[in-house]
Amino acid sequence: MGISISGVSRTRSALTLSNLGNQLAHVLTASEWREISYLFGGRFADIASIPPREASRIGDLLHQAAAHRLMGAEWGTLAREIGDAARRAGHGGQQWTWS
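Caption draft 1: View of the overall build of the chain. Along the chain, the regular secondary structure elements total four helices and four strands. Start at the N end of the chain and walk to the C end: the helices and strands fall as β-β-α-α-β-α-α-β. For 99 residues, the compact-globule formula gives about 13 Å, and the C-alpha radius of gyration of the chain, at 12 Å, lands near that figure. Seen along its three principal axes, the alpha-carbon backbone of the chain occupies a region of about 30 × 30 × 25 Å. Split into buried and exposed, the 99 residues of the chain put 41% on the buried side. Across the chain, every contact between residues at least 6 apart in sequence was considered, and the portion connecting residues at least 24 apart equals 66%. With the model as given, the accessible surface of the chain reaches about 5,500 Å², and the carbon-plus-sulfur share is 49%. Between the mean site of the 10 positive side-chain charges and the mean site of the 8 negative ones, the chain shows a separation of 2 Å.

Caption draft 2: Quick peek at the packing of helix 2 (residues 30-40) against helix 3 (residues 52-66). Where helix 2 contacts helix 3, the two axes come as close as 11 Å, and the packing angle between them is 100°. Considering their axes alone, helix 2 and helix 3 lie roughly perpendicular with respect to each other. Contacts between helix 2 and helix 3 pair Glu 32, Glu 35, Ile 36, Tyr 38, Leu 39 and Phe 40 from the former with Glu 54, Arg 57, Ile 58, Leu 61, Leu 62 and Gln 64 from the latter. When grouped by side-chain class, the residues that make up the contact of helix 2 with helix 3 number seven nonpolar, one polar and four charged.

Caption draft 3: Representation of the nonpolar core in the model. Counting residues in each nonpolar core, the largest one holds 29 residues, and the members touching the most others are Leu 24, Ile 36, Phe 40, Ile 82, Trp 96 and Trp 98. Looking at this core, the elements that each hand over two or more residues are helix 1 (14-27), helix 2, strand 3 (48-50), helix 3, helix 4 (73-91) and strand 4 (96-98). What Phe 40 contacts, discounting residues up to four positions off in sequence, is Leu 17, Ser 18, Leu 20, Gly 21, Leu 24, Trp 33, Leu 62 and Trp 98.

The rules behind the values
Residues numbered from 1 in each chain as written. Predicted model: local features only at pLDDT ≥ 70, side-chain atom pairs only at ≥ 80, totals over all residues. Heavy atoms only, no water. Helix = DSSP H or I, 4+ residues; strand = E, 2+ residues; numbered from the N terminus. Rg over C-alpha atoms; globule rule 2.2 N^0.38 Å. Buried < 20%, exposed > 50% of the residue type's maximum accessible area, 1.4 Å probe, protein only. Contact = heavy atoms within 4.5 Å. Areas by Shrake-Rupley, 256 points an atom, 1.4 Å probe, with all protein chains shown as cover. Lys, Arg positive; Asp, Glu negative; His and termini not counted. Charge placed at Lys NZ, Arg CZ, Asp CG, Glu CD. Axes fitted to C-alpha atoms, helices over the stretch in contact; angles between N-to-C directions. Parallel < 35°, antiparallel > 145°, perpendicular 65-115°, else oblique. Nonpolar A, V, L, I, M, F, W, Y, C, P; charged D, E, K, R; others polar. Core = buried A, V, L, I, M, F, W, Y, C linked by side-chain atoms within 4.5 Å.

Dropping the structure here:
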């Protein structure tokens, strides 16, 4: 199953996003992880429509995680790519969607 994220160049598999979530959970604090776990926790049945302010926050958390010394390079690249999309939506005042 492919997940389409607005602002990201191609769809990602649910497994890839779930695996990214596992990486994020190890480099973010527990409270930071709770803020975004619903996107990466493996439950992709519904379309997510994220308000701009929340999208900006998610983008910041993804960039923070990508820069963490324990984040693998490949996972960091993916986190930055998704984080960039979140920031663009947030700064543009647009809903950020996952479908």
